[in-house]
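Below are the chains, spelled out letter by letter.
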Amino acid sequence: MTGQQSEGDRKHPVDETLPPFKMFTSGLQHVAAMYAGVVAPPMIVGPACGLSATETAFLMGASLFTAGIATLLQTLGFWKVGAKLPFVNGVSFAGVTPMVAIGKAQSPGNALPVIFGAVIVAGVLGFLVAPYFSKLVRFFPPVVTGTVITLIGVSLLPVAFNWSQGGNDRAPDYGSLTNIGMAALTFVIVLVLRRVLRGFLQQIAILLGLIAGTLIAIPVGITHFSALSQASLVGFPTPFHFGAPQFDIAAIVSMCIVMLVCMTESTADMLALGRIVGRPADERTIEGGLRADTLGTALSPLFNGFANSAFAQNIGLVAMTKVRSRFVVATGGLILIVLGLCPVAASVISLVPLPVLGGAGIVLFGSVAASGIQTLASAAMEKGDNALIVAAAVGIGLIPIAAPDFYHHLPKDLLVVLDSGISTGCLVAIALNLAFNHFGRKTADGDAGDAATADGPVAVGHGDPAPAAAPAH
């Protein structure tokens, strides 16, 4: 950009395209960060529905394929669909528990068709209510968004810790010195690369760290090539491979609740990402993003996929690398589609051992929490009851993380919401902000602070939103 360009002539970093090599490597870095999160739900749901190892592998490929489609809907968009931000979509973990419950309640041959039927209805319902749901953005001021972003990062950290120990708590080497040592080594490698590299190499430090960690893990013995040797070259996710969708009322109600939870989390993620890239997410952006989420969800069962939602870990990657182009993430979406169509290529990505991914994940997810803290710094915490709102919302949001069995005596249908610290913390923050800053009694001292935080998100400039210790994802 030259100094002679006017402000209006400058293309926003979100809309910039990069040279092909940088586009590909940066997009691949996004795929590496999200890969485990995409394939984990089908790895859990498949066996619960009585699938064989081969059928479960097919389900994983389908999840990669549909995640790529949903990501393209978000980043490129059409009509009023898509946030057109560097926003990654994939299989939502919020639906795993209810889908497992549906699978166990049905006969093996009907389990997946019933799940897919419920996901289709939930996606269509979400698409229809997206314009109304997006109007809730005015109830997400910095005191709410900062709390939710912090909870997103803190909620993701246990995932990184689990990966660092091996990912499977039933495995004999879970939590072994080897696994934790590899996670620690990768963690250090990523930090060193971020510190010593410059320019583009610094931007792909996470990818370089994953490659270095994987290579070191080969002689250590935790890099396994069996999946690569057994994978076929081409494999298309045949439409309705497991049978035509079936529509069960109980399953539909359960997945519609999941869809609303996903929409709540996606709204918070879009607000976080908009702040990080310097293009605050307004009502229209959120409406388009929710439409992409829900349309992707409605289309996924056609190709044997599940409900799609935002992937919070990639927000940290955007903030850390400062690569804000949505076309980079769109490239990642194309890579996901290729992985879904080429099991061999998907197996190459899966070579990254979970302890290596966990070490990098600690940096990424911790950066998300740091981003939330940065947002809270602009929330006038000294004014009114904002500190109390944050304290209560964070406290409630941490319950599923600190005490996973805290709600185990409550009805299972409630656990869809209560087991998500992001959802419960978000709902508490919204409710308390309404009570204290909108409907509650305000003191003269609190009015100024409330005006800055109660009526909507504080606009941020188009400068670099992420400082040196910036958040990730």
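Rules and cut-offs
- Residues numbered from 1 in each chain as written.
- Predicted model: local features only at pLDDT ≥ 70, side-chain atom pairs only at ≥ 80, totals over all residues.
- Heavy atoms only, no water.
- Helix = DSSP H or I, 4+ residues; strand = E, 2+ residues; numbered from the N terminus.
- Buried < 20%, exposed > 50% of the residue type's maximum accessible area, 1.4 Å probe, protein only.
- Contact = heavy atoms within 4.5 Å.
- Areas by Shrake-Rupley, 256 points an atom, 1.4 Å probe, with all protein chains shown as cover.
- 1 Å grid on protein atoms, 1.4 Å probe; cavity = no way out; pocket = protein on both sides within 12 Å on 5 of 7 lines; lining within 4 Å.
- Points joined across faces, edges and corners; volume = space filled by probe spheres on them.
- Nonpolar A, V, L, I, M, F, W, Y, C, P; charged D, E, K, R; others polar.
- pLDDT = per-residue confidence, 0-100.
- Phe/Tyr/Trp six-rings, centres within 6.5 Å; stacked < 30°, edge-to-face > 60°.
- Salt bridge = Lys/Arg side-chain N within 4 Å of Asp/Glu carboxyl O.
- Expected span 1.5 Å × (residues − 1).
- Bend = angle between axes of the 7 residues up to and from the residue.
- Patch = residues over 30% accessible without salt bridge, like charges linked within 9 Å, V, L, I, M, F, W, Y side chains within 5 Å.

## Focus: the overall build of the protein chain
- When helices and strands are tallied, the protein chain shows 20 helices and 2 strands.
- When burial is assessed residue by residue, the protein chain has 54% of its 473 residues classed as buried.
- For the protein chain, contacts bridging at least 24 residues in sequence account for 83% of all contacts bridging at least 6.
- By element, 67% of the accessible surface of the protein chain is carried by carbon and sulfur atoms, the whole surface being about 19,300 Å².

## Notes on empty space enclosed by the protein
- This model, assessed by the stated rule, comprises 4 cavities of 30 Å³ or more.
- Approximately 50 Å³ is the volume found for the largest cavity.
- Looking at the lining of the largest cavity, the elements with two or more residues in it are helix H8 (205–220) and helix H15 (354–376).
- The greatest single-element share of the lining of the largest cavity, amounting to 5 residues, is contributed by H15.
- When grouped by side-chain class, the residues that make up the lining of the largest cavity number 8 nonpolar, 2 polar and no charged.

## Quick word on the environment of alanine 244
- Its place among the elements puts alanine 244 in the loop between helix H9 (226–230) and helix H10 (249–277).
- Sequence-wise, alanine 244 and glycine 117 are 127 residues apart; in three dimensions their C-alpha atoms are separated by 8.3 Å.

## Description of the confidence of the model for the protein chain
- Put simply, the protein chain has an average pLDDT of 79, and 85% of its residues get 70 or more.
- In this model residues 1–7 is a low-confidence stretch, pLDDT under 50, and it forms 5 contacts with partners more than four residues away in sequence or in other chains.
- Within the model, pLDDT remains below 50 along residues 443–473, and this stretch shows 91 contacts once partners closer than five positions in the same chain are excluded.

## Things to note about the packing of aromatic side chains
- Evaluated as defined, the whole model comprises 4 aromatic pairs.
- For the ring pair phenylalanine 58 and phenylalanine 242, a centre distance of 5.9 Å and an interplane angle of 75° mean the geometry is edge-to-face. You can see phenylalanine 58 sitting in helix H2 (residues 53–75) and its partner phenylalanine 242 sitting in the loop between H9 and H10, a full 184 residues away along the chain.
- Taking the relative accessible area as the measure of exposure, phenylalanine 58 reaches 21% and is therefore partly exposed.
- Residue classification places phenylalanine 242 among the buried positions, given a relative accessible area of 14%.
- Ring geometry for phenylalanine 65 versus phenylalanine 303: centroids 5.2 Å apart, planes at 65°, classification edge-to-face.

## Section: the pattern of salt bridges
- Counting across every chain of the model gives 4 salt bridges.
- For glutamate 283, the salt bridge goes to lysine 135, with nearest N and O atoms at 3.1 Å. Taken together, the residues span a long stretch of sequence, with glutamate 283 in helix H11 (residues 283–299) and lysine 135 in the loop between helix H4 (108–133) and helix H5 (142–165) at a distance of 148 residues.
- Note that glutamate 287 and arginine 291 form a salt bridge whose closest N and O atoms lie 2.6 Å from each other. In this pair, glutamate 287 and arginine 291 both sit in helix H11, 4 residues apart, roughly one turn of the helix. The same class applies to glutamate 287 and to arginine 291, which are both buried.
- Residues participating in the shared-partner salt-bridge network are Asp15, Arg279 and Arg326.

## Section: H4
- Taking 1.5 Å of rise per residue, the 26 residues of H4 would be expected to cover 38 Å, and the 36 Å separating its terminal C-alpha atoms lies within 8% of that figure.
- Bending of H4 peaks at approximately 35° at the position of phenylalanine 127, with proline proline 131 no more than four residues after it.

## Some words on a nonpolar patch on the surface
- Taken together, the side chains of Ile211, Leu215, Ile218 and Phe225 define a hydrophobic patch exposed on the protein surface, amounting to about 370 Å² of accessible area.
- Inspection of the secondary structure assignment puts isoleucine 218 in helix H8.
- Of the residues examined, isoleucine 218 reaches a relative accessible area of 37% and is grouped as partly exposed.

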